[in-house]
Amino acid sequence: AQSVSQHNHHVILSEAASLELGCNYSYGGTVNLFWYVQYPGQHLQLLLKYFSGDPLVKGIKGFEAEFIKSKFSFNLRKPSVQWSDTAEYFCAVNGYAGSYQLTFGKGTKLSVIP
Amino acid sequence: NAGVTQTPKFQVLKTGQSMTLQCAQDMNHEYMSWYRQDPGMGLRLIHYSVGAGITDQGEVPNGYNVSRSTTEDFPLRLLSAAPSQTSVYFCASRPRDRGTNEKLFFGSGTQLSVL
């Protein structure tokens, strides 16, 4: 079975600080990896995804994530956060071709202080 | 396109009552799913469907029923509501034939409280 672990439950940063949110997955085969974001009061939106090719993936709003296969990790990064990045971030994995079950991590709440 | 539409947005039930959460999408997506979101638990898959007439259980299916009679609709039924089912429910869909790397389109959620 596939699973996702997000290391931080709540992260508090000041504006302009750099961000890295950890995500590790467990699955031995080919994976598709996603980061979703949920702004306060809104539904989930896709931030970025990885399914093949360059392990460094760039998403919307200046976010990027790096897939490191040897570490089973897909950490999310942003060099300089803004107050508007305050949201909850979810890492998700889809473990093998033909499976439609997307497994989400428990989420990391990011609070950015102006 | 309206995308994924969920109704109602809010609902309060008494223990033992039944109700149906509605989900409809107008994007002709084969795959539809229901998640519940609880604090500190992330999103957990309840049931999913890969096409009309086909449904399957996810991670937390107990207490919920689904059916998929059309491509557009995927209702979630609570037969006898329990306080443990207090949660925010999200419906999501995506096309099937483009593979598992496609993103999910989420509805705006239904906030359910069971007293």
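Everything below is about the structure shown above.
In this text the structure is predicted, and so the values were computed from the model without any measurement.

Participant: How would you sum up the interface of chain A and chain B? Please name residues and give values.
Facilitator: Many structure descriptions define interface size as the accessible area lost when the parts assemble. Taken residue by residue, the interface counts 23 residues in chain A and 23 residues in chain B. Between chain A and chain B, the buried area comes to about 1,900 Å², and carbon and sulfur atoms account for 58% of it. Taken together, chain A and chain B are joined by zero salt bridges. Sorting the residues of the side of chain A that touches chain B by element identifies β5 (32-38), β6 (45-50) and β10 (87-94) of chain A as the ones contributing at least two each. Ranked by the residues each element gives to the side of chain A that touches chain B, the list is headed by β5(A), at four residues. The class makeup of the residues in the side of chain A that touches chain B is 11 nonpolar, nine polar and three charged.

Participant: Tell me about the sheet that holds strand β8 (residues 76-78) of chain B, and please be specific about residues and values.
Facilitator: Residue and element names in this part refer to chain B. Here four strands make up an open sheet; going across it, the order is β1-β3-β8-β7 and the pairing antiparallel. Here the strands that pair on one side only, and so sit at the sheet edges, are β1 (4-7) and β7 (64-66). Averaged over all adjacent pairs, the angle separating strand axes in this sheet is 20 degrees, with direction ignored. Two elements, β1 and strand β3 (residues 19-25), share four bridges in a ladder whose sense is antiparallel. The partner of Thr7 across the bridge, within β3, is Gln22.

Participant: For the state of the cysteines, give the residues involved together with the corresponding values.
Facilitator: Per the stated rule, a full pass over the model turns up two disulfides over all chains. A sulfur-sulfur distance of 1.9 Å marks the disulfide that ties Cys23(A) to Cys91(A). Since a negative S-S torsion denotes a left-handed disulfide, the Cys23(A)-Cys91(A) link at about -65 degrees is left-handed. Residue Cys23(A) is located in strand β4 (residues 23-26), and its partner Cys91(A) is located in strand β10; the two are separated by 68 residues in the primary sequence. Like Cys23(A), the residue Cys91(A) is buried in the burial classification. Covalently, Cys23(B) is tied to Cys91(B) through a disulfide, its sulfur atoms 1.9 Å apart. In this structure the cystine formed by Cys23(B) and Cys91(B) twists about its S-S bond by roughly -70 degrees; its chirality is therefore left-handed.

Each value, and the rule that gives it
- Residues numbered from 1 in each chain as written.
- Chains lettered and ligands numbered in written order.
- Predicted model: local features only at pLDDT ≥ 70, side-chain atom pairs only at ≥ 80, totals over all residues.
- Heavy atoms only, no water.
- Contact = heavy atoms within 4.5 Å.
- Buried area = accessible area lost by both parts, 1.4 Å probe.
- Salt bridge = Lys/Arg side-chain N within 4 Å of Asp/Glu carboxyl O.
- Helix = DSSP H or I, 4+ residues; strand = E, 2+ residues; numbered from the N terminus.
- Nonpolar A, V, L, I, M, F, W, Y, C, P; charged D, E, K, R; others polar.
- Pairing = 2+ DSSP bridges.
- Axes fitted to C-alpha atoms, helices over the stretch in contact; angles between N-to-C directions.
- Disulfide = S-S within 2.5 Å.
- Buried < 20%, exposed > 50% of the residue type's maximum accessible area, 1.4 Å probe, protein only.

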